[in-house]
Amino acid sequence: MTTNATLPPRRSGEQPVLEAVNLKINFPVGGGLGKNQVVHALDAASVALTPGKITAVVGESGSGKTTLARLFARMYQPTSGTILLDEVPVDSKKLGRDYNRAVQMVFQDPFGSLNSMKTVRHHLQRPLLIHGHAKRGQAVEQRIHELLEKVKLTPTIDFIDKMPHQLSGGQRQRVSIARALAVEPRVLLADEPISMLDVSMRLDILNLLIELRDVDQLAILYITHDIASARYLADDIHVMYAGQIVESGSAQEVINGPRHPYTRELIGAVPDPDKLRENNLRSSHAERPAPGEPPNLITPPSGCRFTPRCPFATAACSEAFPSATEIGDRHQVACYWVANQKSSSCPDPV
Amino acid sequence: MRNALSDRRAQAGLLIALFFTAIAIFGPLINEHVLHQNPLAIDLEAFGQPPSSAHLLGTTSSGQDVLAQLIAGASQSMIAGLVAALLGTAIAIIIGVTAGTLGGRIDSALTAVTNIFLTLPGFALILIVAGYTSNAGPVLIGTIIAVFGWAGGSRALRAQSLSLRNRDFVQASRMIGESRIRVVIVEVLPHLTGWVTVMLLMGFVGGILSEAGLAFLGLSGVDTVSWGTMISQAQAQNALLGGMWWWFAPPGLCIVALGGSVALINFALDQSYNPRLSGLSRGQLNAFQKIKKRVQRTPKSPQSSENVLEISGLTVEYVTDRGNVVACKQVSLNVRRGEIVGLAGESGSGKSTLLTSLVRLDRPPAVTTSGSVLFTDRQGKTTDLVSQSEAELRPLRWTSISLVLQSAMTALNPVMRLGDQFIDVLQTHDTTLSKAAAQKKTHELLKNVGIAPNRSNSYPHEMSGGMRQRATIALALACDPELVVMDEPTTAVDVVMQRQILANVLDLQRKFGFAIVFVTHDLSLLVEIADRIAIMYAGKIIEVAAAEEIWNAPQHPYTVGLRDSFPPLSQTTVSLRGIPGAPPDLRNPPSGCSFHPRCPLKFDGCDRDEPELLQIGETSVACHQYEGANPKEMVIQ
Amino acid sequence: MVKSRPDAAVVKLVASHQGLRRLGRRLGFYLMVAAVAITLNFIIPRLMPGDPGTQLLLKIQQTTGIAPSEETVKNVRALFGGDDQNLAAQYLTYLGQIFQGNLGVSTSQYPTPVSELVFAALPWTVLLVGISTVLAFAIGVTIGISLGWKAGGRADSFFTPAAAILGSIPYFWVAVLAVWFFAIILGWFPIAGGYDPSIVPGFSLLYVLGILKFGFLPAATIIFSTFGGWVIGQRNMMVTTLGEDYILLAKAKGLSPRRIMFRYAARNAILPSFTGLALSIAGIVAGALLTEVVFGYPGMGSLLFRAVTERDYPVMQAVFLLTTFAVLIANFIADSTYALLDPRTREDG
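Quantities reported herein were computed from a predicted structural model and do not represent experimental measurements.

*Asks:* Explain the overall build of chain B here, please?
*Replies:* When helices and strands are tallied, chain B shows 23 helices and 12 strands. A globule of 637 residues ought to have a C-alpha radius of gyration of about 26 Å, yet chain B, at 34 Å, is considerably larger. Taking the principal axes of its C-alpha atoms as reference, chain B extends roughly 105 × 60 × 60 Å. Taken across its 637 residues, chain B has 58% of its residues classed as buried. Nonlocal contacts in chain B, meaning residues at least 24 apart in sequence, comprise 66% of its contacts between residues at least 6 apart. Taking the average place of the 50 positive charges on the side chains of chain B and the average place of its 50 negative ones, the gap between the two points comes to 4 Å.

Structure below.
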């Protein structure tokens, strides 16, 4: 489809621990006899994760963000592109266990990600034993208590023998994080870790992720559709639309100064009670999102997939996906229109 | 499991099954030492005798003791059943679980084999094989039955393990490096216990029935005695015609009793694994009857005709066998004509229960136990919806209050064309409306939300998520209601679509002037679209105020915490803390103020007395710190 | 508004196209099962102890008193093995025979061709099983709908477990009791047979009435033994469906309970029962075979029973093959009905 071999935006002088370069995946659908169709779920995505940084990937459902996380978790094999661990391409035939020693994942659904028939102890004990971080007996017990302490399930003795159904959603998600930490990974993939939690319990999980970044120097991938939460904890952000990364940069810069037409529409649609006076749906002059919906990914539009909905689309947009334009420190936008604006050095276009 | 065993029918079933098991095990001993009868001994002196003290169940036409045969036959029938159940289930587990967990080509191949065995008329095949292998004993018969009967179970197990395989906890245990085999045995298999139990039980019954069927056709060994061969011989000797019912009836009754007992156990297990299937218990139904009698029909008048809805003292309880759970407690709320009222709360706050109660659609076992919901129409006529019978409510529905649910995919009937789901409600409430006129009206309604008229011929699954949700909004406006209740109408769609839909809804609201009750957990969204917001916590409304007040000057500590749980989108990012702890379990609510265990400002007495909703300026708040205080001087954070 | 999506007409076209494709796939599957059945028919006699082919030839010689002709020997060997050809060659010869409709010669009624016997019996069974399956399904589903509508009620807590027990009553035992009570004690129905031999067969009213009279008890037995399963399945689906959002919305719309019960709840809840129908036909046929034996009904069951007791292998094999084909056709009809009823025509696995 496109051949823009851009490397993911990096911070100078920092070694990424895990890196996706031009990842692309097509899922076959339908199956059986006859012509097979494919879903073009992810198209040439490049993302780098650095120790001590949280990288957010935001987008709507079907944007490919969860697919990206699952590719990083090696649940799928990419159609093309490479994953680099410590700058070394990951061999697809290499044992998963070694890879998973470095990369762990926290799932979206706190109800589904724990085995409802097993205790908290079982969930934390297994990774410790498998990866030899503790031998049987006292050491394991000691380590489990430390892990529970780390995710703030205290007093730990109250939680160690609980079954998942005896815990709240927030507590379950902490067990899930503790299980990932038991492996002592360097990368944590968090796939919408708060979207199924009650609002009042979300911040504590976000704060826990921040602590893991700052204290334990983990590299964290944060997948979300909640843009405000991405701004709250992420250092870097990638915005995805229909399987393509359209804008990347520091979280503050992208969210407070979006440049890609889609990012503008996305961020404009998020309710912001602090800006009620300027942009309130109830007032007649409020900005209305343009009509339209994300495309069907079995037959996606060619080139930039936002083209059919884009107010600035030109013929070029349908021909090839634009390569990234650098418009600030690590702030990249994949858009012809933005690139033109930049070269004609017009300040803000709208 | 425990639930199933407390079922009286299951207990009876278990008792009978145990009785027959004992007979099967001790049968030879009983025959030899208690009855002193040899089931195969031919006594030409005593052929075809009716029951007597010498032969408790009479004798066969060749003078064999029927009771002794019945006792000896128990083990033969049960061995055939056991072999069929154990072997069949084992094959089903191996093939079904392998196919479901491995997936890919292996799955396709095994599934094809399973489906073939499922489609082949197995019994005809069994007959033929048994026809070749004459004189088959119960073990061989059980084996043949298992070999041709495993496919149904395998199909179910495959579906189950396939769905388990994709569950996150299985993925997670792969992620931490658990081996494939261990994942299947330790993580997946325990979840299949219920299915496997059902399969064993059904296999057992199937085995006994098939053995009897084969024996009836004379295909089992001549020298063995089973219930099937007994019926077969009785039939061959025309036992019934000859009046020897004591020979023909008992073996059949034994099969029915044993099979029926196992079926009962299976039935109870099934209901305990799927508690939703059992419906309401007798205790719940009795409690319902009592509550229905309690609701009074005294006419009430509204405080103001400006209010389209006045909810007062509304209490909704979930009736369970272990006592009632109060999900909504003394809720009072007014909705003015054309007003948008937001209802915010977390899971377990009772917001959805309140919503279903005010549209009078309590989902059992929920039942509205007290309070009133006064609806006043444009002509000024007031009705207490709580005291109306179902038949009295029906003409009011949709014309006065309509409903938009969270997921349009599940809210629309999947097998009905979109247009028909409009036409049926239009024609129900206006019997004079012709089909053509209803169609025309449907097209107009769809156009209101930007859907092309030809879409009315589509089925819901043929539309996109956003379009479906817009369609349900158009549907809600079909009968020109005065109030539209929206339950998280945009939670299932993405944020851009959410804004498109809400802009559309607000335009229509301005145009038609209906009032909206908007239920959501997203306070930041409510602040933008609502006039007033009510905050619910643990079944109670704890604060009601104008939307901007709720955001800028929340009074209740919970509201403060809830607001601060939304990180800002444009203002400077500061470190925030959520609310410690979790919402209370309503089966076991805290004493006093239900928020006190999580409250940063709690003081003496908060855990003792329940706070009342106090009017403070334009805000109502239920918190002890405002009792006797001047609210303007209270500073919270 | 919807420029990136195909319009309704196209969607509909695609949907019906998918429906056809699904049916096509099912048809392919049934052809495969038919091939498996034909192959099993080839393998089973060759796997059995002894040498059925030689036994058969001996039997023919005993019955007729003369050595079987060369052609008969060839035919028997092709169907039952035992000659010196290798298996592949045997299989090819066998296939050739089958596709010519040559199913061999009956040994118990030598030298009647098996196909003649089988095709005389088949219509009786198809009629009996077809009518009783449809009736049992209709009765069971109707009862299930009404029990599920008032789940937990008095009727539900009695009839639902009772229906569960019904499934464990042996067909043939019920059949014998039915003959004894209704035919012998009360004398309402004939004791055995499929038609009145004193009436000339044909499309006369008398003949058809006779068929109904003779078929009543066998059909009633099958219905009695099978409808319980439909009751439970339909009742459970009804309960599940009643918890769906679209039922809540239908109530909120103020539709009449009748409309909700049938057009919204039952209409959706019946779909899985149709899938179940296809899967259960093989089981119903099994029961019908036994029932026929008790009633001396001139169908495949009685034919098979006689063949088995007299070790008439060619007839046994042919009954199996033809029964399988009939079951496959019935399956396909049930599948097609399902595809017609469910606009989603989704693949259930």
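*Asks:* Where do I start with the overall build of chain C in this structure?
*Replies:* Across its full length, chain C holds 12 helices and 0 strands. Start at the N end of chain C and walk to the C end: the helices and strands fall as α-α-α-α-α-α-α-α-α-α-α-α. In terms of its C-alpha atoms, chain C occupies a principal-axis envelope of roughly 85 × 65 × 40 Å. Counted over contacts in chain C with a minimum sequence separation of 6, partners at least 24 positions apart contribute 73%. For chain C, the exposed surface amounts to about 15,500 Å²; the carbon and sulfur share of it is 69%.

*Asks:* Is there a simple way to explain the sheet that holds strand S2 (residues 323-336) of chain B in this structure?
*Replies:* In a beta sheet, neighbouring strands pair by backbone hydrogen bonds and run either parallel or antiparallel. All names here are of chain B. Taken in spatial order, the 4 strands of this open sheet run S2-S1-S4-S5, and their pairing is antiparallel. The open sheet has two free edges, formed respectively by S2 and strand S5 (382-384), since each of these has just one partner strand. Between one strand axis and the next, the sheet turns through 5° on average, direction left out of account. Note: strand S1 (residues 307-320) against S2, 10 bridges, orientation antiparallel. Considered in S2, the bridge of Glu-310 is made with Asn-334. In the packing of helix H14 (residues 351-358) onto the sheet, the strands contacted are S1, S2 and strand S4 (366-376), and the crossing angle to S1 comes to about 115°.

*Asks:* What is the right way to look at the interface of chain C and chain B in this model?
*Replies:* One widely used convention gives an interface's size as the accessible area the parts lose upon coming together. With 88 residues of chain C at the interface, the matching set in chain B holds 83 residues. Of the roughly 7,600 Å² buried where chain C meets chain B, counting both sides, 71% is carbon and sulfur surface. Where chain C packs against chain B, one counts 3 salt bridges. Taken together, the links from chain C to chain B amount to 15 residue pairs in polar contact (both at pLDDT 80 or more).

*Asks:* How should the sheet that holds strand S9 (residues 532-537) of chain B be read in this particular structure?
*Replies:* Residue and element names in this part refer to chain B. The strand order across the open sheet built from 8 strands is S6-S7-S8-S3-S9-S10-S12-S11, with neighbouring strands paired in mixed fashion. Edge positions in the open sheet fall to strand S6 (401-404) and strand S11 (614-616), since each of these has one partner strand only. Each strand of the sheet is rotated relative to its neighbour by a mean of 20°, with strand direction disregarded. Strand contacts of helix H20 (residues 495-512): strand S3 (340-344), strand S7 (483-487) and strand S8 (515-520), with the helix running at about 155° to S8, the strand carrying the most contacts.

*Asks:* I keep staring at the nonpolar core and nothing clicks. Help me out?
*Replies:* The tendency in soluble globular proteins is for nonpolar side chains to be buried as a group. Residues B:Leu309, B:Trp398, B:Leu403 and B:Leu523 are the most contacted members of the largest nonpolar core, which totals 262 residues. Per element, the largest residue contribution to this core is 22 residues, and it comes from helix H10 (residues 257-295) of chain C. Setting aside residues no more than four positions away along its own chain, B:Leu523 makes contact with B:Ala344, B:Ile533, B:Ile535, B:Ile550, B:Trp551, B:Leu562, B:Arg563 and B:Phe566. Of all hydrophobic cores here, the second largest spans 101 residues; its members include A:Met105, A:Val106, A:Val187 and A:Leu208.

*Asks:* So what exactly am I meant to see when it comes to the interface of chain B and chain A here?
*Replies:* Each partner contributes residues to the interface: chain B has 67 residues there, and chain A has 70 residues. Summed over both sides, the interface of chain B with chain A buries roughly 5,700 Å², with 53% coming from carbon and sulfur. Broken down residue by residue, the surface that chain B buries against chain A is led by B:Met175, B:Arg499 and B:Leu569, which jointly contribute 16%. On inspection of chain B and its partner chain A, the count reaches 4 salt bridges. A salt bridge links A:Asp204 to B:Arg577; the shortest N-O distance between them is 3.9 Å. On the surface where chain B and chain A come into contact, there are 28 residue pairs in polar contact (both at pLDDT 80 or more). Contributions of two or more residues to the side of chain B that touches chain A are made by helix H8 (168-175), helix H9 (180-188), helix H19 (465-476), H20, helix H21 (523-529) and helix H22 (547-552) of chain B. The dominant element in the side of chain B that touches chain A, judged by the number of residues it contributes, is H20(B), at 12 residues. Looking at the side of chain B that touches chain A residue by residue, the classes come out as 29 nonpolar, 21 polar and 17 charged.

*Asks:* Quick question: what am I supposed to make of helix H2 (residues 8-35) of chain B here?
*Replies:* Along an α-helix, residues three or four apart share an orientation, since each turn contains 3.6 residues. All names here are of chain B. With 28 residues, H2 extends just 33 Å between its outermost C-alpha atoms, more than 12% less than the 40 Å of an ideal straight helix rising 1.5 Å per residue. Taking the largest bend as the criterion, H2 deviates by roughly 70°, centred on Phe-26, and proline Pro-28 comes between one and four positions later. Inspection of H2 places Ala-10, Gly-13, Ala-17, Phe-20, Ile-23, Ala-24, Gly-27 and Asn-31 among the buried residues, and these make up the whole buried set. Within two residues after H2, His-36 carries a phi angle of roughly 55°, on the positive side.

*Asks:* Is there a simple way to explain the packing of aromatic side chains in this structure?
*Replies:* Aromatic ring pairs are reported here in terms of the distance separating the ring centres and the angle at which the planes meet. By the definition in use, this model includes 28 aromatic pairs over all chains. Ring geometry for C:Phe158 against C:Phe159: centres 5.1 Å apart, planes inclined by 80°, an arrangement best described as edge-to-face. Among the residues examined, C:Phe158 registers a relative accessible area of 54% and is labelled exposed. According to the relative accessible area criterion, C:Phe159 is partly exposed, its value standing at 46%. Every member of this aromatic cluster is reached through a ring pair, and the members are A:Tyr241, A:Tyr262 and A:Phe306. Looking at A:Arg74, its charged tip hangs above the ring of A:Tyr99, at a distance of 4.8 Å from the centre. A:Lys162 extends its terminal NZ or CZ atom over the ring of A:Phe159, reaching a point 5.6 Å from the ring centre.

*Asks:* Help me understand the packing of helix H3 (residues 120-130) of chain A against helix H4 (residues 138-150) of chain A in this model?
*Replies:* Helix-helix packing: each pair is described by the crossing angle between the helix axes and the interaxial distance. Residues and elements named next belong to chain A. Two elements in contact, H3 and H4, have axes whose closest approach is 10 Å; the angle formed by their N-to-C orientations is 115°. Taken together, the axis directions place H3 and H4 in an arrangement best described as roughly perpendicular. Considering the relative orientation of H3 and H4, their crossing is right-handed. Between H3 and H4, the contacting residues are Val-120, Arg-121, Leu-124, Gln-125, Leu-128 and Leu-129 on the first element and Val-140, Glu-141, Arg-143, Ile-144, Leu-147 and Leu-148 on the second.

*Asks:* Even after reading the chapter, I still don't get the confidence of the model for chain B, so can you show me in this structure?
*Replies:* Regions with low pLDDT carry predicted coordinates that are not meant to be interpreted in detail. Summary statistics for chain B give a mean pLDDT of 87 and a share of 96% for residues scoring 70 or more. The model gives residues 630-637 of chain B a pLDDT under 50, and that stretch makes 14 contacts with residues more than four places away or in other chains.

*Asks:* Just to check I follow, could you spell out the state of the cysteines for this structure?
*Replies:* Joining two cysteines, a disulfide is a covalent bond between their sulfur atoms. Residue and element names in this part refer to chain A. Inspection of the entire model under this criterion finds 0 disulfides over all chains. Cysteine Cys-304 remains unbridged, with the sulfur of Cys-317 as its closest cysteine sulfur at 6.2 Å. Left unpaired, Cys-335 is separated from the closest cysteine sulfur, that of Cys-310, by 5.9 Å. A relative accessible area of 8% places Cys-335 in the buried class.

*Asks:* Before we go on, may I ask you to explain the domain arrangement of chain B in this structure?
*Replies:* The domain architecture assigned to chain B consists of domain 1 (2-40 + 55-277), domain 2 (279-400 + 481-637) and domain 3 (413-469). Taken over C-alpha atoms, the centre of domain 1 of chain B sits 54 Å from the centre of domain 2 of chain B.

*Asks:* When you look at the environment of C:Gly299 in this model, what are you seeing that I'm missing?
*Replies:* Residue and element names in this part refer to chain C. Here Gly-299 is to be found in the loop between H10 and helix H11 (300-309). Of the residues examined, Gly-299 reaches a relative accessible area of 2% and is grouped as buried. For the pair formed by Gly-299 and Ala-88, sequence separation is 211 residues and the distance between their alpha carbons is 34 Å. Gly-299 has contacts with Ala-121, Trp-124, Thr-125 and Glu-292, leaving out every residue within four places of it along the chain.

*Asks:* What should I look at first to understand the pattern of salt bridges in this one?
*Replies:* Note that side chains of opposite charge can pair when their charged atoms are close. Counting across every chain of the model gives 40 salt bridges over all chains. One salt bridge connects A:Asp161 with A:Arg121, and the closest N-O pair in it is separated by 2.7 Å. Here A:Arg121 lies in helix H3 and A:Asp161 lies in the loop between helix H5 (156-159) and helix H6 (169-182), a separation of 40 residues in the sequence. One salt-bridge network, held together by shared partners, links B:Arg337, B:Arg378, B:Asp480 and B:Glu482.

Rules and cut-offs
- Numbering of residues starts from 1 in every chain and runs along the sequence as written.
- Both sets of labels track the order of writing: A upward for chains, 1 upward for ligands.
- Local features in this predicted model are restricted to residues of pLDDT 70 or higher, and side-chain atom pairs are both shown and tallied only at a pLDDT of 80 or more, whereas totals for entire chains, interfaces and linings draw on every residue.
- Computation of side-chain values: all heavy atoms of the structure, hydrogens and water removed.
- Every helix listed is a DSSP run of H or I at least four residues long, and every strand listed is a run of E at least two residues long, numbered separately from the N terminus.
- Every radius of gyration here is taken over C-alpha atoms, with the globule rule written as 2.2 Å times N^0.38, N being the number of residues.
- The rule is simple: take the accessible area with a 1.4 Å probe, protein chains only, and divide by the maximum for that residue type; under 20% is buried, over 50% is exposed, in between is partly exposed.
- In this description, contact between two residues means that some pair of their heavy atoms is separated by no more than 4.5 Å.
- Asp and Glu count as negative and Lys and Arg as positive, but His and the ends of the chain are not part of the count.
- A charge is said to be at NZ when it belongs to Lys, at CZ for Arg, at CG for Asp and at CD for Glu.
- Method for areas: the Shrake-Rupley scheme with a 1.4 Å probe, in which residue coverage is limited to the protein chains shown.
- Whether two strands pair comes down to DSSP finding at least two bridges between them.
- The convention used is that axes are lines fitted to C-alpha atoms, helices contributing only their stretch in contact, and that angles between N-to-C directions extend from 0 to 180 degrees.
- Reported buried area values correspond to the accessible surface (1.4 Å probe) lost by two parts on association, with both partners' losses combined.
- Here, a salt bridge means any side-chain nitrogen of Lys or Arg that lies within 4 Å of a carboxyl oxygen of Asp or Glu.
- Residues adjacent in sequence count toward polar contacts only when both atoms are side-chain atoms; beyond that, a polar contact is any pair of N or O atoms within 3.5 Å, and within protein one must be able to donate a hydrogen and the other to accept it.
- Among buried residues, the Ala, Val, Leu, Ile, Met, Phe, Trp, Tyr and Cys ones that are joined through side-chain atoms within 4.5 Å form a nonpolar core.
- For this scheme, ten residues count as nonpolar: Ala, Val, Leu, Ile, Met, Phe, Trp, Tyr, Cys and Pro. Four count as charged, namely Asp, Glu, Lys and Arg, and the remainder, Gly too, count as polar.
- To estimate the expected span of a helix, subtract one from its residue number and multiply by 1.5 Å.
- At every residue, the bend is computed as the angle between two fitted axes, covering the seven residues ending there and the seven beginning there respectively.
- Note on aromatic contacts: the rings of Phe and Tyr and the six-membered ring of Trp form a pair at centre separations within 6.5 Å, being stacked when their planes are under 30 degrees apart, edge-to-face when over 60 apart, and tilted otherwise.
- The criterion for a charge sitting over a ring is simple: Lys NZ or Arg CZ within 6 Å of the ring centre, and within 35 degrees of the ring normal.
- Any angle from 65 to 115 degrees is called roughly perpendicular, while one under 35 is roughly parallel, one over 145 is roughly antiparallel, and all others are oblique.
- The handedness criterion is simple: a crossing whose near helix is rotated anticlockwise from the far helix by less than a right angle is left-handed, and one whose near helix is rotated clockwise is right-handed.
- In predicted models, pLDDT denotes the confidence assigned by the predictor to each residue on a 0 to 100 scale.
- Any pair of cysteine sulfurs within 2.5 Å is marked as a disulfide.
- In this entry, domain limits derive from an automatic or database-based domain assignment.

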